[in-house]
Amino acid sequence: MTEDAEKEKMGVEIRIAPGADDGTKAKVQQLASIFEGPLFAKLVRDAVEEMILEGKLTYDLQTDEFDIPEDIVKRWASDKEKNVWSKKKKT
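Just so we're clear, the structure is a prediction, and the values are computed from it rather than from any experiment.

Before going further, it helps to spend a moment on the overall build of the protein chain. Counting secondary structure elements, the protein chain contains four helices and two strands. For the protein chain, the proportion of its 91 residues judged to be buried stands at 7%. Considering only residue pairs separated by 6 or more positions, the protein chain has 5% of its internal contacts joining residues 24 or more positions apart. Of the roughly 7,900 Å² of accessible surface on the protein chain, a fraction of 59% belongs to carbon and sulfur atoms.

Quick look at the structure:
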């Protein structure tokens, strides 16, 4: 697998400014290995699980995405205002 294909698969894009010194390049590679490693993935999964259990994060089945509960309610209310409630006011 090429390096670009591997980065795309991981969802991590690494950019280093042209002319960056070797120390900067080394730090970037260290950070990339941390972000792509299993420990970071486990910590993120644990944090998401904790947020869901505490009610700070929800999974929206309709849009297939994670979101905070307030945003889901705002989108629902906006949709109802646009498609339902505004039509009732006219009658």
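With that settled, the discussion passes to the pattern of salt bridges. Scanning the model with the defined rule gives two salt bridges in all. Asp46 serves as the salt-bridge partner of Lys42, at 2.7 Å between the closest nitrogen and oxygen. Linking Lys42 with Asp46, this pair stays in helix H3 (residues 38-53), spanning four residues, or about one helical turn.

Detail in the predicted coordinates should be disregarded across regions flagged by low pLDDT. Mean pLDDT over the protein chain stands at 79; residues scoring 70 or higher make up 82%. The lowest-confidence element of the protein chain is helix H1 (residues 3-10), averaging 56 in pLDDT; the highest-confidence one is H3, averaging 88.

By the element assignment, Lys80 lies in helix H4 (residues 69-90). Apart from the residues within four sequence positions on either side, Lys80 is in contact with Trp85 and Ser86.

Parameters and conventions
- Residues numbered from 1 in each chain as written.
- Predicted model: local features only at pLDDT ≥ 70, side-chain atom pairs only at ≥ 80, totals over all residues.
- Heavy atoms only, no water.
- Helix = DSSP H or I, 4+ residues; strand = E, 2+ residues; numbered from the N terminus.
- Buried < 20%, exposed > 50% of the residue type's maximum accessible area, 1.4 Å probe, protein only.
- Contact = heavy atoms within 4.5 Å.
- Areas by Shrake-Rupley, 256 points an atom, 1.4 Å probe, with all protein chains shown as cover.
- Salt bridge = Lys/Arg side-chain N within 4 Å of Asp/Glu carboxyl O.
- pLDDT = per-residue confidence, 0-100.

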